[in-house]
Structure formats: C-alpha cells, structure tokens
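Close look at the chain arrangement
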Amino acid sequence: MKTLEIIGFKRANLDSASLKEIRESGSVPCVVYGPGIPEQIHFHSPAILFRDLIYTPEVHLVDLNVEGTHIKAVLKDAQFHPVSEVLLHVDFMAYTEDRPIKFEIPVKVVGNSPGITKGGKLELKTRSLKVKGLAKDFPDFIEVDISKLDLGKSFKVGELKPENFEILTSPNVSIVTIGIPRALRGKKGGDEE
C-alpha cells in the first residue's frame, strides 16, 4: 500500500480563535491519537498536502512528520464545511506494525461480464470494504472479478478470499450487480407468452 507524507506543526492553543487563525492562514487543524503514540498530538498542516490523501479514490497509509517526529497513521475522519466544502479538521489514528487496525479499502472491478455484453448495466453497490489486519498486509484495492456474472446476478462479499486480513463487511452485502435494463425485461416478458 502507498504511503503519503504529511508535514505538520504542533499547536499549543486549542481555542476557537486560534483555530480560525490557522484556517485563515491556509492550514488545517489536525489531531493524531491511537495505540501507536503515548498521548494525542494536536497539530496543523498546510491544506494543499491533503489533496492526494482525501480527494482521490485510492487509500494511503500516512507518515506524519510533526516537527521531526515521524508517526505512522491512517486517516480516520475528515470534516468539511457544510456549504463551502472547505476542509475543516482531520483526525488520524496512529498504529503500530504488530497490532491489527480497521481500515476501508476500495473495490476495483476487473473482467468482462457476459451480462454486460448482452446489454446489462454494471451497478456498483459498494465502493469500499471495511477490513481488519496488519497495515503491511493491506492491498491498494480489492479486486472483484465479474467475468462470470450474467444478467441479474450479483457478486457478494462472501465470495472474496482475502489473504492475511479479515473482511468485516457482512458477507451478504452485494459489491456489484449486473442490472437488467427495462428494454430487456420487456423482451423476456414477451417471449414467455
């Protein structure tokens, strides 16, 4: 899995006036917590550094560099302004290499479905799956092979065979379905009469 470096600067004042000042200067207030560090650290980081972390379908492990201290972390939460959608706050969770963590990994659809060649429509029901395992074992994405899916068929989470990590998403959840278009439904109904 790819790692992205975020450079941060510690902040001493946690009041709303200092938060407003940080945001006006083009930075984002952040916090990192979790089993990988002894106590939570409040810091701020330039907003431009989050572009490759948040505004992408890919997921990354994060190497936080807070004034020279390197912390291995994952993005836990990002808060946005409800109107302007400006990034307001970011939470990171520190981890250690020897303890499992929970994480969301995106789904990548591969293969050519016979249902799509017959006119079916690919319906992606789930874009990412919740997993648990060691960070070093996580793939960049989870492949879903649709080469055996016909019209009206689905690929469920339970059909995946992960290696070195556990999928926490329910095995009954559909990842992808080959939908039957209205035009083909009408043809099937006409053929049966």
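How each quantity is defined
- Residues numbered from 1 in each chain as written.
- Predicted model: local features only at pLDDT ≥ 70, side-chain atom pairs only at ≥ 80, totals over all residues.
- Heavy atoms only, no water.
- Helix = DSSP H or I, 4+ residues; strand = E, 2+ residues; numbered from the N terminus.
- Rg over C-alpha atoms; globule rule 2.2 N^0.38 Å.
- Buried < 20%, exposed > 50% of the residue type's maximum accessible area, 1.4 Å probe, protein only.
- Contact = heavy atoms within 4.5 Å.
- Areas by Shrake-Rupley, 256 points an atom, 1.4 Å probe, with all protein chains shown as cover.
- Lys, Arg positive; Asp, Glu negative; His and termini not counted.
- Charge placed at Lys NZ, Arg CZ, Asp CG, Glu CD.
- Core = buried A, V, L, I, M, F, W, Y, C linked by side-chain atoms within 4.5 Å.
- Domains from an automatic or database assignment.
- Arc of directions from axis to C-beta.
- UniProt positions renumbered as here; feature names shortened; annotations may be inferred.
- Pairing = 2+ DSSP bridges.
- Axes fitted to C-alpha atoms, helices over the stretch in contact; angles between N-to-C directions.

A short note on the overall build of the protein
When its secondary structure is counted, the protein shows four helices and 13 strands. Over its C-alpha trace the protein gives a radius of gyration of 22 Å, far above what one expects of a compact globule, namely 16 Å for 193 residues. Projected onto the principal axes, the alpha-carbon positions of the protein cover approximately 75 × 40 × 20 Å. Within the protein, the proportion of its 193 residues that are buried is 36%. In the protein, once contacts between residues fewer than 6 apart in sequence are set aside, the share between residues at least 24 apart is 66%. For the protein, the exposed surface amounts to about 11,500 Å²; the carbon and sulfur share of it is 50%. Measuring between centres, the 26 positive side-chain charges of the protein sit 6 Å from its 27 negative side-chain charges.

Things to note about the nonpolar core
Of all hydrophobic cores here, the largest spans 26 residues; its most connected members are Leu129, Val131, Val144, Leu160 and Ile175. Where this core is concerned, the elements lending two or more residues are β7 (101-110), β9 (128-133), β10 (142-145), β12 (165-167) and β13 (174-179). Examining the composition of this core, we find that four residues originate from one element, β7, more than from any other. Looking at which domains feed residues into this core, each of domain 1 (1-97) and domain 2 (100-184) supplies at least three. Discounting residues that sit within four places of it in the chain, isoleucine 175 has contacts with Val107, Glu123, Leu124, Lys125, Thr126, Leu129, Val144, Phe155, Lys156, Val157 and Leu160.

Thoughts on unusual backbone geometry
The phi dihedral of glutamate 67 is positive, around 50 degrees, even though this residue is not glycine. The residue asparagine 164 is not glycine, and still its phi comes out positive at about 70 degrees. We classify asparagine 164 as exposed; its relative accessible area is 59%.

Describing helix α1 (residues 16-24)
Residue pairs three or four apart in sequence face the same way in an α-helix, which turns once every 3.6 residues. Regarding α1, the residues found buried are Ser18, Leu19 and Ile22. Looking straight down α1, one finds that the buried residues subtend no more than 105 degrees of arc, so they occupy a single side. Away from the buried face of α1 by more than 90 degrees, exposed residues Ser16, Ala17, Lys20, Glu21 and Glu24 are located. Check the buried side of α1 and you find it contacts β2 (27-33) and β3 (41-46).

Observations concerning the UniProt feature "domain: Large ribosomal subunit protein bL25 beta" (unreviewed entry) in the protein
Under the UniProt annotation, "domain: Large ribosomal subunit protein bL25 beta" (unreviewed entry) lies at residues 101-182. When the span residues 101-182 is considered, its composition is 6% helix and 44% strand, and the gap between its end C-alpha atoms is 43 Å.

Quick notes on the UniProt feature "domain: Large ribosomal subunit protein bL25 L25" (unreviewed entry) in the protein
Summarizing the sequence annotation, UniProt attributes the feature "domain: Large ribosomal subunit protein bL25 L25" (unreviewed entry) to residues 10-92 in the numbering used throughout. Annotated as residues 10-92, this span is 16% helix and 46% strand, and its ends, taken at the C-alpha atoms, are 14 Å apart.

Re the sheet that holds strand β11 (residues 154-156)
Across the sheet, which stays open at both edges, the three strands sit in the order β8-β13-β11 with antiparallel pairing between neighbours. The sheet terminates laterally at β8 (121-124) and β11, the two strands that pair on one side only. The mean angle between the axes of side-by-side strands here comes to 15 degrees, regardless of whether they run parallel or antiparallel. Pairing between β11 and β13: three bridges, direction antiparallel. Looking across to β13, one finds that serine 154 is bridged to threonine 177.

A look at the environment of valine 144
Relative to the helices and strands, valine 144 resides in strand β10. Taking relative accessible area as the criterion, valine 144 reaches 0% and is therefore assigned buried. In sequence terms valine 144 and serine 170 are 26 residues apart; their C-alpha atoms lie 16 Å from each other. With residues near it in sequence (within four places) discarded, valine 144 still touches Val107, Lys108, Val109, Val110, Phe155, Leu160, Ile175 and Val176.

Observations regarding the pairing of strand β4 (residues 61-66)
With five of six residues buried, β4 lies mostly within the body of the structure. Where strand β1 (residues 3-10) lies against β4, six bridges are found, and the strand directions are parallel. Opposite isoleucine 7, over in β4, you have asparagine 65 as the bridge partner. The sheet contact formed by β4 and strand β5 (residues 69-80) spans five bridges and is antiparallel. Residue pairing across strands places asparagine 65 opposite histidine 70, the latter belonging to β5. Between β4 and β5, which pair antiparallel one after the other, the connecting turn spans two residues, and glutamate 67 there sits at a positive phi close to 50 degrees.

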